[in-house]
Amino acid sequence: MVGAHKLIAFVSNSAWSVYNFRLDVIRYLMAHGFQVMVLAPDDEYSGYLQESGCRFIPLNFNNKTENPVSDLAFYRQLKDLYRQHRPDFIFHYVAKPNIYGSLAAAAIGIPSVAVITGLGYPFAKRNWLYRVVKLLYKRALRKTREVWFLNNEDAKIFINEHIVNIEKVKVLPGEGVDTDYFSFPQRIAKKDSEPFTFIMSTRLLKSKGISLYADAARILIKKNYAVRFELIGFFEQHHPDSISQEDLDRWQKEGLIHYGGFAKDVRPFLQRADCFVFPSFYNEGVPRCLMEAASMEIPVITSNTRGCKEVVVNNITGFLCHPHDPFDLADKMERMINLPLEERSRLARNGRALVIKKFNIKHVIDEYIATLNDNWAE
């Protein structure tokens, strides 16, 4: 492989995200002779990355701050680290690493790729912050070798807004999922006394649709359905879009939501579920939670929005619901409850087949290798 034994850097907003979304790519690169260095804020997943064979460099930055002084300090921090460690190629993820990392890499003369994993909070509001982020992206992305997106609509926005030239754009099939790891053995027949179980697994942000999930649960409970509504995920402290602890406590007291906390391994939770629900109106790339659930042969209900609708074919692998509409969500959930078991199983099988065909991690690894080979073949 061209360029083996080179040092590849992955730069993101958390060690958790690198471990959960990119570890398969990293392991493949290391198995083929590359060295890998991860730069991210330190968290409990830093050690897991090191155990996997990565070099880990902790970063000091807050991805949510709007302070230009701290952003300048982040740029200088990255520039110093790139000069010190001299990676041969860098992959940046999420807004601030994409912007300030791309600029820092260019200043040192290191080739890089910016991976736009979703448009996120600034693009949803279209306020002054959006205008600033757009301007910064436009300047930074001029410096990159390529700009990767996870769905066509995000790429189209960046092209139409003249943030990036189409010649640099590549659209990946999400960030991929290991369909062997997320596979489902033969389901054990449920007892008649066991309730139908929905599950939602996500970061606990308002725009992921958690309150819609709770409202839909209330609607179905009032119709006297014996249904369980599970939620797993973690709070993002200080995030402006985070749900409140008070809301979560209230939903639990009402008996609407059974909150299971954060799960390092979601598979045992998914195995017990009859349907996965994700009514997000966040600017998603391609949500990994949907790929994992579908790969585990669980029918899915999600919003008919950018990123989400990439994973679900309506009435074929699951149902698409209207965004911001708890009544339509409840209607789709009621339909799922009342489907014959064989029909739900058909949706589930179709969902796994779609993920294997479109979102298998092997397709994503091929894109990384092609870009690295092209870089050193020049």
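In case you missed it, the structure is sitting above this.
Residues numbered from 1 in each chain as written. Predicted model: local features only at pLDDT ≥ 70, side-chain atom pairs only at ≥ 80, totals over all residues. Heavy atoms only, no water.

Engineer: Run through the overall build of the chain, naming residues and quoting values.
Structural biologist: A count of helical and extended segments in the chain gives 14 helices and 13 strands. On C-alpha atoms alone, the chain measures out to a radius of gyration of 21 Å, which is about the 21 Å that the 2.2 N^0.38 rule sets for 378 residues. With respect to the three principal axes, the spread of C-alpha positions in the chain is 65 × 45 × 40 Å. Within the chain, the fraction of its 378 residues that count as buried is 55%. Counting every atom, the chain has about 16,600 Å² of accessible surface; 50% of that belongs to carbon and sulfur. Averaging the locations of the 49 positively and 43 negatively charged side chains of the chain gives two centres separated by 4 Å. (Helix = DSSP H or I, 4+ residues; strand = E, 2+ residues; numbered from the N terminus. Rg over C-alpha atoms; globule rule 2.2 N^0.38 Å. Buried < 20%, exposed > 50% of the residue type's maximum accessible area, 1.4 Å probe, protein only. Areas by Shrake-Rupley, 256 points an atom, 1.4 Å probe, with all protein chains shown as cover. Lys, Arg positive; Asp, Glu negative; His and termini not counted. Charge placed at Lys NZ, Arg CZ, Asp CG, Glu CD.)

Engineer: So what about the pairing of strand β9 (residues 227-232)? Which residues, and what values?
Structural biologist: Two faces, one strand: in a regular strand the side chains alternate between the faces of the sheet. The element β9 is extensively covered by neighbouring structure, given that five of its six residues are classed as buried. Summarising the sheet, strand β8 (residues 196-201) and β9 pair through six bridges and their orientation is parallel. Bridge assignment links Ser201 to a residue of β9, and that residue is Ile232. Taking the sense of rotation as the criterion, the β-α-β connection linking β8, helix α8 (residues 210-222) and β9 turns out right-handed. Judged from the two bridges that link them, β9 and strand β10 (residues 258-259) form a sheet pairing that is parallel. (Pairing = 2+ DSSP bridges. Right-handed = clockwise from strand over helix to strand, strands pointing away.)

Engineer: Can you tell me about the pattern of salt bridges, naming the residues and giving the values?
Structural biologist: In total, this model carries 20 salt bridges according to the counting rule given. Here Glu334 makes a salt bridge to Lys223, at a shortest N to O gap of 3.0 Å. Separated by 111 residues along the polypeptide, Glu334 in helix α12 (residues 326-338) and Lys223 in the loop between α8 and β9 bring together distant segments of the chain. Using a relative accessible area of 17% as the deciding quantity, one classes Glu334 as buried. (Salt bridge = Lys/Arg side-chain N within 4 Å of Asp/Glu carboxyl O.)

Engineer: With reference to specific residues and values, describe helix α4 (residues 95-108).
Structural biologist: With 14 residues, α4 should cover 20 Å at 1.5 Å per step; its first-to-last C-alpha distance of 20 Å lies within 8% of that length. Along α4, the sharpest kink reaches roughly 25°, centred on Gly101. Counting buried positions over the 14 residues of α4 gives 11, a clear majority of the element. Listing the buried residues of α4 in full gives Lys96, Pro97, Asn98, Ile99, Tyr100, Gly101, Ser102, Leu103, Ala104, Ala105 and Ile108. Trailing α4 by a residue or two, Gly109 shows a phi angle of about 85°, which is positive. (Expected span 1.5 Å × (residues − 1). Bend = angle between axes of the 7 residues up to and from the residue.)

Engineer: Please set out the nonpolar core residue by residue, giving values where relevant.
Structural biologist: General note: in soluble globular proteins, nonpolar side chains tend to be found buried as a group. Counting residues in hydrophobic clusters, the biggest one holds 90 residues, and the most contacted among them are Phe10, Val38, Phe91, Phe198, Phe276 and Met333. When residues of this core are assigned to their parent elements, the largest contribution, eight residues, is made by helix α1 (residues 15-31). Apart from the residues within four sequence positions on either side, Phe276 is in contact with Ile199, Met200, Ser201, Leu270, Cys289, Leu290, Ala293, Ile298, Pro299, Val300 and Ile301. Of all hydrophobic cores here, the second largest spans 36 residues; its members include Val11, Met37, Ile90 and Ile99. (Core = buried A, V, L, I, M, F, W, Y, C linked by side-chain atoms within 4.5 Å. Contact = heavy atoms within 4.5 Å.)

Engineer: Could you give an account of a positive patch on the surface, with specific residues and numbers?
Structural biologist: Taken together, the side chains of Lys138, Arg139, Arg142 and Lys143 define a basic patch exposed on the protein surface. Turning to its location among the elements, Lys143 is positioned in the loop between α6 (128-141) and β6 (146-149). (Patch = residues over 30% accessible without salt bridge, like charges linked within 9 Å, V, L, I, M, F, W, Y side chains within 5 Å.)

Engineer: Account for empty space enclosed by the protein, naming residues and giving values.
Structural biologist: In this approach a probe as big as a water molecule rolls over the atoms, and the regions it shows empty are the leftover space. Evaluation of the coordinates by the stated rule reveals one cavity of 30 Å³ or more. The space that makes up the largest cavity amounts to roughly 40 Å³. Looking at the largest cavity, the residues that line it are Phe21, Arg22, Val25, Val115, Leu172, Glu175, Val364 and Tyr368. Of all the elements in the fold, those that place two or more residues in the lining of the largest cavity are α1 and α14 (361-377). Of the residues belonging to the lining of the largest cavity, the class tally is six nonpolar, no polar and two charged. (1 Å grid on protein atoms, 1.4 Å probe; cavity = no way out; pocket = protein on both sides within 12 Å on 5 of 7 lines; lining within 4 Å. Points joined across faces, edges and corners; volume = space filled by probe spheres on them. Nonpolar A, V, L, I, M, F, W, Y, C, P; charged D, E, K, R; others polar.)

Engineer: An account of the side chain of Ser17 is needed here, citing residue identities and associated values.
Structural biologist: For Ser17, the location among the structural elements is in helix α1. In terms of polar contacts, Ser17 uses its side chain to reach the backbone carbonyl oxygen of Ser14, at 2.9 Å. Among all residues touching Ser17, those that are not within four sequence positions of it are Ser12 and Arg22. (Polar contact = N/O pair within 3.5 Å; in protein donor to acceptor, adjacent residues only side chain to side chain.)

Engineer: Tell me about the sheet that holds β10, and please be specific about residues and values.
Structural biologist: Pairing is parallel in the open sheet, where six strands are placed in the order β10-β9-β8-β11-β12-β13. Each edge of the open sheet carries a strand with a single partner, namely β10 and β13 (318-321). Bridging between β8 and strand β11 (residues 275-278) involves two bridges; their strand directions are parallel. By the bridge assignment, Phe198 is partnered in β11 with Cys275.

Engineer: Any details on the sheet that holds strand β3 (residues 55-58)? Residues and values, ideally.
Structural biologist: Read from one edge of the open sheet, seven strands run β3-β2-β1-β4-β5-β6-β7, paired in parallel fashion. Because the sheet does not close on itself, it has two edges, and the strands there are β3 and β7 (169-171). Between one strand axis and the next, the sheet turns by 20° as a mean value, whatever way the strands run. Sheet topology places strand β1 (residues 7-11) next to strand β4 (residues 89-93); four bridges connect them, and they run parallel. Within β4, the position partnered with Ala9 by the bridge is Ile90. Along the sheet, helix α7 (residues 152-160) makes contact with β5 (112-116), β6 and β7, crossing β7 at roughly 165°. (Axes fitted to C-alpha atoms, helices over the stretch in contact; angles between N-to-C directions.)

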